[in-house]
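Take a look at the letters that make up each chain.
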Amino acid sequence: TWVFDAQGEASIDVQQAASAQAGVAPTATIRVPRPLGPDWHAQAHVAGLNLENAKPYTLEFEARSEKPRVTRIAMTLDKNPWSNIGLDQTFQTT
């Protein structure tokens, strides 16, 4: 299940489709019309994942933007201390 969160003055608009496959997050179209503040102020994440240490995972997604932007994707714990658990990359969208 997707969870969406906007902190500070950021905003996030979401359109979500039903999942066609069990155990797979549904497709979501996410717009961030006001990307204000740090990159974590606009978040989209999948709740309920129980990741195992040292086990490989595959992440697939498409990203685009109306103008060039730097986007960050990271895998972190979903509770305090919010530690990174392996993936933390930035990329340019166009």
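The structure under discussion appears in the preceding block.
Read on for an overview of the structure.

Reading the values: the criteria
Residues numbered from 1 in each chain as written. Predicted model: local features only at pLDDT ≥ 70, side-chain atom pairs only at ≥ 80, totals over all residues. Heavy atoms only, no water. Helix = DSSP H or I, 4+ residues; strand = E, 2+ residues; numbered from the N terminus. Buried < 20%, exposed > 50% of the residue type's maximum accessible area, 1.4 Å probe, protein only. Contact = heavy atoms within 4.5 Å. Areas by Shrake-Rupley, 256 points an atom, 1.4 Å probe, with all protein chains shown as cover. Lys, Arg positive; Asp, Glu negative; His and termini not counted. Charge placed at Lys NZ, Arg CZ, Asp CG, Glu CD. Phe/Tyr/Trp six-rings, centres within 6.5 Å; stacked < 30°, edge-to-face > 60°.

1. Points about the overall build of the protein
Stage number 1. Within the protein one finds zero helices and six strands.
Stage number 2. From first element to last, N terminus to C terminus, the protein shows the α and β order β-β-β-β-β-β.
Stage number 3. Along the first, second and third principal axes, the C-alpha set of the protein runs to 35 × 35 × 25 Å.
Stage number 4. The buried share among the 94 residues of the protein stands at 7%.
Stage number 5. In the protein, the proportion of contacts linking residues at least 24 apart, taken out of those at least 6 apart, comes to 41%.
Stage number 6. A total accessible area of about 7,700 Å² is found for the protein, and carbon and sulfur atoms account for 49% of it.
Stage number 7. Mean positive and mean negative side-chain charge positions of the protein (8 and 10 charges, respectively) differ by 4 Å.

2. Considering unusual backbone geometry
Stage number 1. If you check the backbone angles, tryptophan 82 has positive phi at about 55° while not being a glycine.
Stage number 2. You can call tryptophan 82 exposed: its relative accessible area is 53%.

3. Let's talk about the packing of aromatic side chains
Stage number 1. According to the stated counting rule, one finds one aromatic pair in the structure shown.
Stage number 2. When the ring of phenylalanine 61 is compared with that of phenylalanine 91, the centres are 5.6 Å apart and the planes differ by 45°; the resulting orientation is tilted. Taken as a pair, phenylalanine 61 in the loop between β4 (42–46) and β5 (69–76) and phenylalanine 91 in strand β6 (residues 84–93) lie far apart in primary sequence, 30 residues in all.

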